[in-house]
Every structure is written in structure tokens, then in C-alpha cells.
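Listed here are the chains, written in short residue letters.
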Amino acid sequence: MPAKNKSDKDFSIYFQPPSLTDAKKRGKESIEVHYDFAIPEEMQTFGKDKYYLIRTYGCQMNEHDTETMKGLLETMGYQPTEDKRLADVILLNTCAIRENAEDKVFGELGHLKALKAEKPNLVLGVCGCMSQEEAVVNRISQKHPFVDMIFGTHNIHRLPHLLKEAYFSKEMVVEVWSKEGDIVENLPKKREGIKAWVNIMYGCDKFCTYCIVPYTRGKERSRRPEDVLAEVRDLARQGFKEIMLLGQNVNAYGKDFEDISYSFGDLMDDIRKIDIPRVRFTTSHPRDFDDRLIEVLAKRGNLMEHIHLPVQSGSTEVLKKMSRKYSREHYLELVGKIRQAIPDAVLTTDIIVGFPGETDEQFEDTLSLVKQVGYDMAFTFIYSPREGTPAAAMEDNVPESVKKERLQRLNDTMNDLSKASNDKLKGQIVEVLVEGESKNNPEVLAARTRGNKLIHFTGPKEWIGQLMYVKVTESQTWILKGERVEEPVQKVI
Ligand code: 5AD
Ligand code: SF4
């Protein structure tokens, strides 16, 4: 491939930039599901003797998109490598949720510039959520013209074609669909290990005022139940031990079906009957968490007793400004219902501190809610303005030092709660799935309880992938320690 020398005018041919304005519009047209995806035969040897490397940033949805891209590339003949210097294709699968996620990507692009100068034939691509942002695409095209291709979250299936175009053209290939795409089934996926991610829906229609996701991931669209169930059955047949159902807002699943009435609770009830040992899901929205879902989760079996239920704030006024569409009272009522149906449910959450205008009192409301719920764990964030979202236009009047102080206090509180909830497990027998070796000591196995708590215990590698019982002997803030025991006669957690 010839070395490229790009100038701004080169973009005119292939440049299909994203538009935030278009991304905001929610079309009424029905979503089409495509079952005819195939990589043309002549492209299946395109990557012969070539290597790829994908760097993934952000959430599990992105991790799973990376598995799809790996599947596509390997079907084209590419082989994986971790060595940047060996790679013929490097893709950065990016995250846009907070500014620091974007900074990391721009930092990496800075490093890759030198490599690209040394290896002009290297194809460098940026994909994922940042590619869906107008300002980011403009910035890359102006400041990082050595990037060969940019593609968005709605057109991952176009990767083989875009790659070919990037090889043969001198221009930066940019293809980002602002409006959400359809659902493309049957994409190849490269899954590894004993746990598998399964998309059940795409996009988000909630438009929380701080969040960029509804713009970068498009409107809510659910995969057909028969497609999801067939995939889960297939994963069970392949021997996977755990599946994680993925969606930005999994309990909105099915709301877009026009011909059937079928909710997330119905889907979980059907998945419950499939012979796969463990089923989890993420992420749920408190507003759509209905009684049917609680009733199904209470049947347990392969449905794990862990619910990630992002609250974001404990203040009803802040929740209103965030457009979360529930109040503190409604959230607490929901937690009460869940606890009544599943008393040992592990509850985790996401919290933002320093939202525009958040007062000391409102922050105290968050602290008191956290204590009242008694979460087992929380992901905590300082608010980060995202261009184009309604909150970015609100006056961000909380000083940085106050935001940091609030985060620290929240984290201290959360750590105490995590430790207390782990302490309660001491002496108990828990069912665990052994996931692998501990990172620091190969003699020690790393496993997860049904509530998703990490537990270490000694044992041979052959136990990896097995469900077994462990007695908790020690509890720390982030981790439990234990020893294997025989299957107990009594109920375990
Ligand atoms: N600033 C800080 N945190 C954010 N999140 C989403 N958008 C922002 C933002 N602009 C957090 C929310 C969400 C999690 C995935 O990321 O807590 O639940
Ligand atoms: Fe973002 Fe809110 Fe949608 Fe979650 S529910 S992805 S926070 S807009």
C-alpha cells in the first residue's frame, strides 16, 4: 500500500461524518433485522499472513463489540497479536462516557503517530462511541490525519468493506451513521473463556441529561426473543458456564416490539429454563424495573442474585435535573420490593457526584441513600460534561475541589459498606464458579459467588470452569477468602 499523504480536501469522497442533531431524532420507522450477513468469499483471504490488534476502552458492550470485530477479522484471515509492531491493523474501540476516557484515546493516538510514520502500511482505525461524536471526528480529521479509518457503533458489520477501502484509498475512510442502524444477526464472534456476553438490545431512549449514550448508541431496539434464546442455547451447547445479558437499559427490552407483548421478565423466564449454569444482566434502569421481573428473578435457579441498579443520586431534585424519571422514594420502594422477594440479593449501583448545581445537602442525600440501601459495591464518578447533552448547557458551579472531596467521602462510605457486607458472609458456605487463577498467585483460584463477589481459595487448575462450594474464612473490602467444602445439605448463598 502506498504511503498516504492526506489533506483536508481528501475527505470529500468518503467522509460521512456523524451529526449530533440527527442522532437526537428518534425515527418512527420499524427496525429491520437482517439475517443475511456474510463476508464475500474473496475477502476471506484478505488478511492472510496479517495481524490485528484491538484496544478496547469502556464498558462490556464495547468489549463484546470487540469480540464481534475479532470474529470479522479472523473470518478475513487475520491473526491476533498483542505486539503493536507486528500488527498490520490496529483498532481503537473507544468510549465517550467521560472526558478522561476520551483523553486516554487521544493519548494513545499520540503514541501511534510515531509507529504509523515508521510503518506507513499500518492501517489505523478508530471506532466505538467516540466515533459517533461530531466534535471528535472533526478533531481527528484535523489533528490526527494519519488515522486511516473511522467507523461508528451502528456499522461494525461494515468493517471488512471499510478495511478494504482503507487499504486501497489514499483518503481517510470515515463512515459513521448518525441515525441508528438495524439489527444485524449472525455476525461472527470470537468468544473466549467460560463466560459469554449476549446482546439483548441496543441503544437507549432515556436521554438522562448528562449522558452521551443515547446519541452514540442510537435508539432502543431489541433483538427478537427467538434469536436471543437460540444464541443462549448454542452457548450452553458449547459449554459456556455463564452468560451476561447486555443492554444499555435491559429492562426496556421488548418495548419496541410491535407484534408481540414480551418483556425482559418474560425473556429471563425463558432463559431460566435453558441449561446454562449462570445468567446475569446489566444494566437495568430503576424506572422500568417491574414486578414481573422481580417475580421471575425470585425463582433463582440459574438467575443470579445480583442486581446492578444505578441510582446516580439520592436527591429527588438532582434526579429530576438528571431526567432520571424516578424519585428517591420510588427508588427506595423498588429496593424494598426486591429485598422482600430476594432477601439476599446483592445490590450494586452507579453514582455521579458534582452534577451541575448539586448542593452539600443534596450530596448528603446521596450519602444517606447509600447507607439506607446498604449497597455491596458502587461505581462512583465525578460528573463530566459531554458536549451536546442538556447538562453540558447547565452551569457547572460545583468547584473541582468540592467534587473530589464528595467523591472521597462517598468512596469511604462505600468501602465501609462493602467490608460490612463481606463480613456478613464469614463462616458461610457459598456456591462459586471458578473463573481462573488469581492474578498474583497461580496456586490460588479466583471464583465468583452467585452475588458476583470475588473469592480466592487454593485448588488445582482443573477446577477452573466448575461450580463448587466454598466456606468463607476471611473477608476484606474487595475480596473474600475461603476453602473448598463438600456440597452442603443446607441452603447456600
Ligand atoms: N459524567 C459522569 N459519569 C457519567 N456516567 C454517564 N455519563 C456520565 C457523565 N457525563 C456514569 C453513570 C452511568 C455510568 C455508566 O457512567 O453513572 O450509569
Ligand atoms: Fe445513559 Fe441514562 Fe441511557 Fe443509562 S439510561 S445509557 S445513563 S441515558
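Residues numbered from 1 in each chain as written. Chains lettered and ligands numbered in written order. Predicted model: local features only at pLDDT ≥ 70, side-chain atom pairs only at ≥ 80, totals over all residues. Heavy atoms only, no water.

*Asks:* Mind showing me how you'd approach the overall build of the protein here?
*Replies:* When helices and strands are tallied, the protein shows 14 helices and 21 strands. On C-alpha atoms alone, the protein measures out to a radius of gyration of 23 Å, which is about the 23 Å that the 2.2 N^0.38 rule sets for 493 residues. Projected onto its principal axes, the C-alpha positions of the protein cover 70 × 55 × 50 Å. Each of the 493 residues in the protein was classed as buried or not, and the buried ones make up 55%. Within the protein, residue pairs in contact and separated by at least 24 positions form 77% of the contacts whose partners lie at least 6 positions apart. By element, 48% of the accessible surface of the protein is carried by carbon and sulfur atoms, the whole surface being about 21600 Å². (Helix = DSSP H or I, 4+ residues; strand = E, 2+ residues; numbered from the N terminus. Rg over C-alpha atoms; globule rule 2.2 N^0.38 Å. Buried < 20%, exposed > 50% of the residue type's maximum accessible area, 1.4 Å probe, protein only. Contact = heavy atoms within 4.5 Å. Areas by Shrake-Rupley, 256 points an atom, 1.4 Å probe, with all protein chains shown as cover.)

*Asks:* Would you mind showing me how to read the environment of Lys-195 here?
*Replies:* As for its position among the elements, Lys-195 is in strand 9 (residues 195-199). Taking the C-alpha atoms as reference points, Lys-195 and Asp-365, separated by 170 residues in sequence, lie 37 Å from one another. Apart from the residues lying within four places of it in its own chain, the contact partners of Lys-195 are Phe-240, Glu-242 and Glu-435. Among the polar contacts made by the side chain of Lys-195, one reaches the side chain of Glu-435 at a distance of 3.0 Å. (Polar contact = N/O pair within 3.5 Å; in protein donor to acceptor, adjacent residues only side chain to side chain.)

*Asks:* Explain the sheet that holds strand 7 (residues 173-175) to me, please; I cannot follow it from the model alone.
*Replies:* One open sheet accounts for six strands, arranged 3-2-4-5-6-7; its pairing is parallel. What marks the edges here is a single partner per strand, and that holds for strand 3 (79-80) and strand 7. In this sheet, strand 6 (residues 149-151) lies alongside strand 5 (residues 123-128) in parallel orientation, the contact comprising two bridges. Residue pairing across strands places Gly-125 opposite Met-149, the latter belonging to strand 6. Across the face of the sheet, helix 3 (residues 60-75) comes into contact with strand 2 (51-56), strand 3, strand 4 (89-94), strand 5 and strand 6 while running at roughly 170 degrees to strand 2. (Pairing = 2+ DSSP bridges. Axes fitted to C-alpha atoms, helices over the stretch in contact; angles between N-to-C directions.)

*Asks:* Can you help me understand the site of ligand 1 in this one?
*Replies:* Around ligand 1 lies a shell formed by Ile-97, Arg-98, Tyr-210, Gln-312, Asp-350, Ile-352, Phe-381, Ile-382, Tyr-383, Ser-384 and Arg-386. At 2.7 Å from a nitrogen atom of ligand 1 is found a main-chain nitrogen or oxygen belonging to Ser-384. When isolated, ligand 1 has an accessible area of 400 Å², and the protein chains bury 87% of it. Elements supplying a minimum of two residues to the shell around ligand 1: strand 15 (346-353) and strand 16 (377-382). Considered class by class, the residues forming the shell around ligand 1 number six nonpolar, two polar and three charged. (Near = heavy atom within 4 Å. Nonpolar A, V, L, I, M, F, W, Y, C, P; charged D, E, K, R; others polar.)

*Asks:* Would you mind going over the UniProt feature "binding site: [4Fe-4S] cluster 2" (unreviewed entry) in the protein with me for this structure?
*Replies:* UniProt records the feature "binding site: [4Fe-4S] cluster 2" (unreviewed entry) at Cys-204, Cys-208 and Cys-211, using the numbering of this structure. With respect to the helices, strands and loops of the structure, Cys-204 is situated in the loop between strand 10 (201-202) and helix 7 (213-216). Counting through the fold element by element, Cys-208 comes out in the loop between strand 10 and helix 7. For Cys-208, the residues in contact, after removing those within four places along its chain, are Met-322, Ser-323 and Arg-324. (UniProt positions renumbered as here; feature names shortened; annotations may be inferred.)

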